[in-house]
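Each chain is listed here by its residues.
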Amino acid sequence: MPQFSCNVKANTPFPLGVVGSYFSILETGSAGFVGLVIKKGAQEVEQVRTARRGLQARVPGGFNSVELRSAIDTTVEVIVSDGAVEVDSTDGASVLATIANTPLPVVNDRGAPANPVHVVGLTANDAPATGVSEPAQVNVTAGLTPLVGADATRRNLRIYNQGPNPVAIGGPGLTWAKRAVVLEVGDTWVEDRAANLAINAICAAGLASTVGVQGVLS
């Protein structure tokens, strides 16, 4: 897998007489991008005006020359191969993202599908807690019973069913018939997505139970 350093002069074509079927740009040096023409004989088989670092091209039937152009003097690192190779162009790359006016460094990590980028930084769940809220236990009946009110500083909420009957928890429209999350006696629910919202509870008709709650504040 030959690697070439091409000293491209400003506005001057740089011909590279190489034979292969795979071409990749590792670096474009001081230029943000370069012009690229891939030829087979006198025929142009591929042309890119703004080829950047990481560009990869496979040419069925191969090629026998490459031409590079740049608006400024630069050194372009390229790889040419006629084998089944592939260069990881993300290895060692970095990205600077600005979130809420705070620079946040990230690194490329393909990871799992639908989660291609791993962000390196402090998240809400990683930040140290500032306090714990432990209000009095709540007696839940067959009527909609508030457990906790909304609190923007609460990032984690624990709900424990002390008994003696099952308890459903949810939002302001909760009824026993529409229950989705039910805590049996002795169950604990840990909420970390909607912990800042008001949470209610309800029991089945004619029943009641006691619920303990604990909030973690940011």
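Note that the structure is predicted; figures quoted are calculated from it, not measured.

## Details of the overall build of the protein
In step 1: Assigned secondary structure in the protein consists of zero helices and 20 strands.
In step 2: Counting over 218 residues, the protein shows a buried share of 34%.
In step 3: At a minimum sequence separation of 6, the contacts of the protein that also span at least 24 residues come to 74%.
In step 4: Surface accessibility of the protein: about 12600 Å² in total, with carbon and sulfur atoms responsible for 54%.

## Regarding the sheet that holds strand β16 (residues 167-170)
In step 1: Ordered in space as β14-β19-β16-β17, the four strands form an open sheet in which the pairing is antiparallel. The open sheet terminates on both sides in strands that have one partner only, identified here as β14 (145-148) and β17 (181-183). Here the average twist between neighbouring strands, direction ignored, is 35 degrees.
In step 2: Summarising the sheet, β14 and strand β19 (residues 199-202) pair through three bridges and their orientation is antiparallel. Residue pairing in the sheet places V148 in a bridge with I199 of β19.

## As for the pairing of strand β4 (residues 34-40)
For a regular strand, the rule is simple: side chains alternate between the two faces of the sheet.
In step 1: Most of β4 is tucked away: five of the seven residues are buried.
In step 2: As paired elements, β4 and strand β5 (residues 43-51) share six bridges and run antiparallel to each other. Pairing of V34 across the sheet is with A51, part of β5.
In step 3: If you look at the hairpin formed by β4 and β5, you'll find two residues sitting between the two strands, and G41 has a positive phi there, around 70 degrees.

## Observations concerning the pattern of salt bridges
Think of it this way: side chains of opposite charge can pair up when their charged atoms draw near.
In step 1: Taken as a whole, this structure holds three salt bridges when the rule is applied.
In step 2: Measuring nitrogen to oxygen at the nearest pair gives 3.3 Å for the salt bridge that ties E27 to R53. With E27 in strand β3 (residues 20-27) and R53 in the loop between β5 and β6 (56-63), this residue pair connects regions lying 26 residues apart in the sequence.
In step 3: Between E67 and R69 there is a salt bridge; the shortest N-O distance is 3.5 Å.
In step 4: By sharing partners, the salt bridges in this structure join K39, E67 and R69 into a single network.

## Some points on the nonpolar core
In step 1: By size, the foremost hydrophobic cluster in this structure holds 20 residues, and its most contacted members are F23, V66 and L68.
In step 2: Elements represented by at least two residues in this core include exactly β1 (3-8), β3, β4, β6, β7 (65-69) and β8 (74-81).

## Comments concerning unusual backbone geometry
In step 1: Here G163 and P164 are connected by a cis peptide whose omega angle stands at 15 degrees.
In step 2: Along the polypeptide, P164 turns up in the loop between β15 (154-163) and β16.
In step 3: The backbone of N11 shows a phi angle near 55 degrees, a positive value even though the residue is not glycine.
In step 4: For N11, the location among the structural elements is in the loop between β1 and β2 (14-16).

## Focus on the side chain of E67
In step 1: Mapping E67 onto the fold places it in strand β7.
In step 2: E67 sits in the buried class, given a relative accessible area of 18%.
In step 3: Setting aside its immediate chain neighbours within four residues, E67 contacts P13, F14, P15, G35, L36, V37 and K39.

## Section: the sheet that holds β5
In step 1: Here we have four strands laid out as an open sheet, ordered β2-β7-β4-β5, and antiparallel in their pairing. The open sheet is flanked by β2 and β5, the only strands paired with a single partner. Neighbouring strand axes in the sheet, compared pairwise and without regard to direction, differ in orientation by 15 degrees on average.

## A look at the layout of surface pockets
A probe matching the size of a water molecule, rolled over the atoms, marks out where space remains unfilled.
In step 1: As a volume, the largest pocket reaches approximately 160 Å³.
In step 2: Along its surface, the largest pocket is lined by N11, A31, G32, F33, V34, G35, R49, R69, S70, A71 and I72.

## Structural notes on the environment of G20
In step 1: Along the chain, G20 falls in strand β3.
In step 2: The exposure class assigned to G20 is buried, which follows from its relative accessible area of 4%.
In step 3: C-alpha separation for the pair G20 and P60, spaced 40 residues apart in sequence, amounts to 9.8 Å.
In step 4: Not counting residues within four places of it along the chain, the set of residues in contact with G20 comprises G62, F63, V80, S81 and D82.

Reading the values: the criteria
Residues numbered from 1 in each chain as written. Predicted model: local features only at pLDDT ≥ 70, side-chain atom pairs only at ≥ 80, totals over all residues. Heavy atoms only, no water. Helix = DSSP H or I, 4+ residues; strand = E, 2+ residues; numbered from the N terminus. Buried < 20%, exposed > 50% of the residue type's maximum accessible area, 1.4 Å probe, protein only. Contact = heavy atoms within 4.5 Å. Areas by Shrake-Rupley, 256 points an atom, 1.4 Å probe, with all protein chains shown as cover. Pairing = 2+ DSSP bridges. Axes fitted to C-alpha atoms, helices over the stretch in contact; angles between N-to-C directions. Salt bridge = Lys/Arg side-chain N within 4 Å of Asp/Glu carboxyl O. Core = buried A, V, L, I, M, F, W, Y, C linked by side-chain atoms within 4.5 Å. 1 Å grid on protein atoms, 1.4 Å probe; cavity = no way out; pocket = protein on both sides within 12 Å on 5 of 7 lines; lining within 4 Å. Points joined across faces, edges and corners; volume = space filled by probe spheres on them.

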